[in-house]
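One letter stands for each residue in the lines below.
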Amino acid sequence: MQSIVRLADYRPSDYLIDRVDLDVRLHPTETRVTATLALRPNPGGEPGAPLRLDGDELTLLAIALDGQPTGPGAIDVTPRALTLHQPPQRPFVLEIETQVNPSANTKLMGLYRSNGVYCTQCEADGFRRITYFLDRPDVMAVYTTRIEGNREAAPVLLGNGNLVERGEAGPERHYAVWHDPHPKPAYLFALVGGRLGRVAARFTTMEGRDVEIAVYVEPGKEGRADFALDAVARSMAWDERTFGRAYDLDVFNVVAVSDFNMGAMENKGLNIFNDKYVLASPDTATDADYANIEAIIAHEYFHNWSGNRVTCRDWFQLCLKEGLTVFRDQEFSSDERSRPVHRIAEVRTLRARQFPEDAGPLAHPVRPQAYREINNFYTATVYEKGAEIVRMLRTLLGPETFRRGMDRYFSTCDGTAATVEDFLAAFAAESGRDLATFARWYAQAGTPTVAVTGAHDPAARTYSLTFRQSLPRIATEASAAAAPEPLVIPVVLGLVAPAGGAVAARAERVRDGVFVLDRAEDTLVFTEVATAPVPSVFRGFSAPVKVEHALTRDERLALLAHDSDAFNRWQAAQSLAMEVLVARARAGAPLGPEAGPEGAGLTAALATFLDAEALADPAFAALVLTLPGEQEVAQAIGAEVDPDAIWRARQTLRVQLGRDLGSRLLGLRDALAEPPGAPFSPDAASAGRRSLRNAALDLVAAADPEAGIALAIAQLDAAATMTDRLAALAVVSLVPGEAREAALARFGEAYRHEPLVLDKWFALQAMIPEAGTLERVRGLMRHPAFSLGNPNRVRSLVASFSLNNPTQFHRPDGAGYDLAAEVVLALDGKNPQVAARLLTAFNTWRMVEDGRRRRAESALRRVAGTPGLSPDVSDIAGRSLA
Ligand code: ARG
Ligand code: ZN
């Protein structure tokens, strides 16, 4: 097994690399790389230590030290390292020539080919698959890259930084030289060579720099790149306005490739993207796609400051760039779209992905203390919970002090490889506060629970709120379960009058609506409270915690109707629904048309809400109508979970909503219909109207499948956007029968040349909650468009099944687990990163009821016991079973 790397063992590098000159001669199977490295001993390192350069699947062709071949015994070369035993104790130059095979690189790490295009992915440790190097983020160098390639096959040659030279290199070849003046770690290196189409625009920064922005895509798809191009310009403008950060090179290039392990990568001046997050047209992309493209373009661009100008000292600090950059992209999307609607979307993702991770065997702190395989730590915890920590910091310090802290962080750490301590130090200095206790958020795994109880004393005219925080005790491989210490939890709150209106109460310890809970238990007292109010706590989801707040149904209904905080209005509806769902699922209740009196109370309140507000904010209304997801209900139940019972409970409530609200929903659908021929716009308001229309259709069809399918098929035929077409197809996909099969076949045929649209079609079918789905998925794995080699295809078909189809993944006979395990093993030899990601679907295995649990465990053990596993998969399997 891969050995363990610990934060506590961090030592500075013994050598530094100041300059890297790369000469890359592209060839499909024999690419040659000559690296000229200007090295010197690090004053902070150990004098005389051997120099150990990382390598991975490299063929060494030649090596020279200061222009001379190295003597016998001076170096050792193994598949994973090149060691120079007695390096000079002064500046010296190593010239290393290696050969790699990009066409055989199915791991999609290092230099590989995607649809014939040469591209690279170096984070976290892919640069060592291009040349021998000190592949660690605290070694920062200035890179000059000469890329040479065949003129026909690779007319476009891109590198980091600015283009400094280009020319001919023989009859068939040409070259380009790129220079990046900003010192950077190797993980930010990139190059691209291929036949690509291009769209471009100019942007003048607030510092007066004229920047050329370009987006490169598969030739013929240029028309689908305009939205991404515009999103780059909007991101640049936003970061100037919001954080005072300007771009720092003359070109900013984005390249879309179709084979990519993750979403995208922030290489300096040359962001490389999964094409799913670049290409958009009304006919091929949904509103959700447009929103994702905008968010990920922004995310990668924002990394230019939070990640590149200030990078990470080591990979334990990953949240320093990722959590912060997610926070920044979330703020961007909130400003560009609707803040409350976006906040709800963020929280839904956090609860659906991060809370289960934090409650399962893969739980880890936002800053882990140890890892075996760093690529397995690009997690919801590091990204999403990491972003929540930054948001809490802003809530605690207030926006002005927060902004000053950010300025100080960027200016004091510019050009360095920093740590979480450096980040917090900037805010401590600006605010004069001690953030040592706050820092526990980075170190303690698990989701805290905060129990809230309120009491009104009419005689004293006081209202008291008691908060009690409890934290799970979590042992990891790296550390035994220490007793967790109380966290600093910002509680944004207010009191609402049961009949509406704010309660003008005062509490000394509430500043700007924020109460800070920083001990295990605390009581807050409001004075001058004449009548019993309804407390609204954790407004805007002010901390990533589970809230236990025993409100009555009427109190929740009062919040839904009257809270000034939109998030808590939505939360009130979610909590009401959740109570119904958990009760029914726990009882194993059968499918029925009625979720009981509680369900009736909910539908009555929703009717009032829809009548008053749906047309004013359709996007928000659509979210209020969307019930908590199956995974969220499973988390609320916590143990001995029966996924079928959860599905039945949710289905029953959907049927009831559809029936009780049916005429209203149909009315809204008509009222929000787009006039024929109206021009398409992906903006938030238009998308919001589409989302409410489609939420309405979905509920109507749940209650009356026959009527629903007729409406859906009509919508499918008439739809002008992929959003409406896919929503209709989703409705059709839930009703077994010939109409469904015909509609699916027609859609698959219509888009057979559009892999990104087929991905939606694969995903939709993989999520059908029926016993036949397993065979359907197996069948689709033989579809000509499916390939285990393409991560998007695997995610659409197999990950959708394993992660988003709880009843079928958790089939009582274990066949769902077997399918997932089988694909993990088939994929592991090709692409370990994607295989390992797929295996995380087993994260919740201990929570399910006994029969399923035993079957899940045996599938996991089968994976774990397979000889020759990648470190990626063996790490996930090992931790899942521990
Ligand atoms: N830094 C990229 C981002 O913006 C993620 C790259 C992760 N890649 C990997 N192989 N682990 O989120
Ligand atoms: Zn990122």
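Since we're looking at a predicted model, the values are computed, not measured. (Residues numbered from 1 in each chain as written. Chains lettered and ligands numbered in written order. Predicted model: local features only at pLDDT ≥ 70, side-chain atom pairs only at ≥ 80, totals over all residues.)

Undergrad: Before we move on, could you go through the overall build of the protein chain and cite the residues and values that matter?
TA: Across its full length, the protein chain carries 27 helices and 32 strands. Against the compact-globule benchmark of 29 Å for 882 residues, the protein chain has a radius of gyration of 28 Å, which places it among compact chains. Principal-axis analysis of the C-alpha atoms gives the protein chain an extent of 90 × 65 × 60 Å. Within the protein chain, the proportion of its 882 residues that are buried is 51%. Long-range pairs, those at least 24 residues apart, make up 70% of the contacts in the protein chain with a sequence separation of at least 6. (Helix = DSSP H or I, 4+ residues; strand = E, 2+ residues; numbered from the N terminus. Rg over C-alpha atoms; globule rule 2.2 N^0.38 Å. Buried ≥ 20, exposed ≤ 12 C-beta atoms within 10 Å, placed from the backbone. Contact = placed C-beta atoms within 7 Å.)

Undergrad: Give a detailed account of the environment of Ala702, specifying residues and quantitative values.
TA: With respect to the helices, strands and loops of the structure, Ala702 is situated in helix α16 (residues 684–703). Taking the C-alpha atoms as reference points, Ala702 and Arg586, 116 residues apart in sequence, are found 22 Å from one another.

Undergrad: Which residues make up the nonpolar core, and what are the values?
TA: Core analysis: the biggest nonpolar cluster contains 257 residues, and Val255, Val278, Leu838 and Leu839 have the highest contact counts within it. Examining the composition of this core, we find that ten residues originate from one element, helix α10 (residues 566–587), more than from any other. Residues Phe355, Ala359, Leu362 and Ala445 belong to the second largest nonpolar core, which totals six residues. (Core = buried A, V, L, I, M, F, W, Y, C linked by C-beta atoms within 7 Å.)

Undergrad: Tell me what's going on with the pairing of strand β25 (residues 449–457), and back it up with residues and numbers.
TA: Two elements, β25 and strand β26 (residues 462–470), share nine bridges in a ladder whose sense is antiparallel. Residue Val450 lies in a different strand from β26, and its bridge partner there is Gln469. Here β25 folds back onto β26 in antiparallel fashion, the turn holding four residues, of which Arg461 has a positive phi close to 50°. Looking at chain direction, β25 and strand β32 (residues 546–549) are connected through four bridges and run parallel. The residue of β32 that forms the bridge with Ala451 is Glu548. (Pairing = 2+ DSSP bridges.)

Undergrad: Lay out the sheet that holds strand β16 (residues 191–194) in plain terms, naming residues and giving numbers.
TA: Reading across the sheet, the four strands line up as β10-β11-β16-β13 and stay open at both edges, with antiparallel pairing between neighbours. Bordering the open sheet on either side are β10 (110–114) and β13 (156–159), each of which pairs with just one other strand. Averaged over all neighbouring strand pairs, the angle between strand axes comes to 15°, with direction disregarded. (Axes fitted to C-alpha atoms, helices over the stretch in contact; angles between N-to-C directions.)

Undergrad: Before we move on, could you go through the site of ligand 1 and cite the residues and values that matter?
TA: The environment of ligand 1 is made up of 13 residues, and the closest members are Glu123, Met262, Met265, Asn375 and Tyr378. Those elements that place two or more of their residues in the shell around ligand 1 are β20 (264–265) and α2 (287–302). Classifying every residue of the shell around ligand 1 by side-chain character gives five nonpolar, four polar and four charged. (Near = placed C-beta within 6 Å. Nonpolar A, V, L, I, M, F, W, Y, C, P; charged D, E, K, R; others polar.)

Undergrad: Go over helix α11 (residues 597–613) with me, naming the residues and quoting the values.
TA: The periodicity of an α-helix, 3.6 residues per turn, causes residues three or four places apart in sequence to face the same way. Over its 17 residues, α11 extends 24 Å from the first C-alpha to the last, a length consistent with the 24 Å expected when each residue adds 1.5 Å. Those residues of α11 not exposed but buried are Gly599, Leu602, Ala605, Leu606 and Leu610. Seen from one end, α11 has its buried residues packed into an arc of 140°, which puts them on one side. Residues Pro597, Thr608, Asp611 and Ala612 are exposed on α11 and point more than 90 degrees away from its buried face. Considering only its buried residues, α11 is in contact with α9 (553–562), α10, α12 (618–625), α14 (643–660) and α15 (662–671). (Expected span 1.5 Å × (residues − 1). Arc of directions from axis to C-beta.)

Undergrad: Break down the packing of α10 against α14 for me, with residues and values.
TA: It is the contact of α10 with α14, at a shortest axis distance of 8 Å, that shows an interaxial angle of 135°. Looking at the two axes, α10 sits oblique to α14. Here the hand of the crossing between α10 and α14 comes out right-handed. Mapping the contact onto sequence places Ala577, Val580, Leu581, Arg584 and Ala585 in α10 and Ala645, Ile646, Ala649, Arg650, Thr652 and Leu653 in α14. (Parallel < 35°, antiparallel > 145°, perpendicular 65-115°, else oblique. Left-handed = near helix turned anticlockwise from the far one by under 90°.)

Undergrad: Talk me through unusual backbone geometry; I want residue IDs and the actual numbers.
TA: Of the consecutive residues Glu123 and Ala124, the connecting peptide bond is found in the cis state with omega at 0°. A positive phi angle, close to 55°, is found at Glu57, a residue other than glycine. Tracing the backbone through its elements, the reader meets Glu57 in the loop between β4 (51–54) and β5 (59–65). Of note in the backbone geometry, Arg461 takes a positive phi value of approximately 50° without being a glycine.

Undergrad: Kindly report on the UniProt feature "domain: Peptidase M1 alanyl aminopeptidase C-terminal" (unreviewed entry) in the protein chain, identifying the contributing residues and their values.
TA: UniProt records the feature "domain: Peptidase M1 alanyl aminopeptidase C-terminal" (unreviewed entry) for residues 554–882 in the present numbering. Counting secondary structure, residues 554–882 comes out at 72% helix and 0% strand; the distance between its end C-alpha atoms is 44 Å. (UniProt positions renumbered as here; feature names shortened; annotations may be inferred.)

Undergrad: With reference to specific residues and values, describe the sheet that holds β25.
TA: Taken together, four strands build an open sheet; the order of strands is β30-β26-β25-β32 and the sheet is mixed. The sheet is open, and its two borders are formed by β30 (521–527) and β32, each paired with just one other strand. For this sheet, the mean angle separating the axes of adjacent strands, direction not counted, is 20°.

Undergrad: With reference to specific residues and values, describe the environment of Asp670.
TA: Relative to the assigned elements, Asp670 resides in helix α15. Distance in space between the C-alpha atoms of Asp670 and Arg693 is 8.1 Å, their sequence separation being 23 residues.

Undergrad: Pulling in residues and values, what's your account of the environment of His810?
TA: Mapped onto the fold, His810 is located in the loop between α23 (806–809) and α24 (815–828). In this structure, His810 is in contact with Pro643, Gly816, Val848 and Arg852, ignoring residues within four places of it in sequence.

Undergrad: Pulling in residues and values, what's your account of the confidence of the model for the protein chain?
TA: Here the protein chain averages 97 in pLDDT, while 99% of its residues score no lower than 70. Here the predicted complex scores 0.99 on pTM and 0.98 on ipTM. (pLDDT = per-residue confidence, 0-100.)

Undergrad: I'd like a rundown of the packing of helix α1 (residues 226–243) against helix α3 (residues 318–336), residues and numbers included.
TA: At a closest axis distance of 11 Å, the pairing of α1 and α3 adopts a crossing angle of 100°. Viewed along their axes, α1 and α3 adopt a mutual orientation that is roughly perpendicular. Every residue of α3 that contacts α1 at Arg234, Ser235, Trp238 and Thr242 is listed here: Glu331, Phe332, Asp335 and Glu336.

Undergrad: Report on helix α27 (residues 871–881), specifying residues and quantitative values.
TA: Taken residue by residue, α27 has Asp872, Val873, Ser874, Asp875, Ile876, Ala877 and Ser880 as its buried positions. Next to the buried residues of α27 lie α24, α25 (832–839) and α26 (850–864).

Undergrad: Kindly report on the pairing of β10, identifying the contributing residues and their values.
TA: The element β10 is largely enclosed, with a buried count of five among its five residues. By the bridge criterion, five bridges tie β10 to strand β11 (residues 117–121) in an arrangement that is antiparallel. If you follow Ser114 over to β11, its bridge partner there is Val117.

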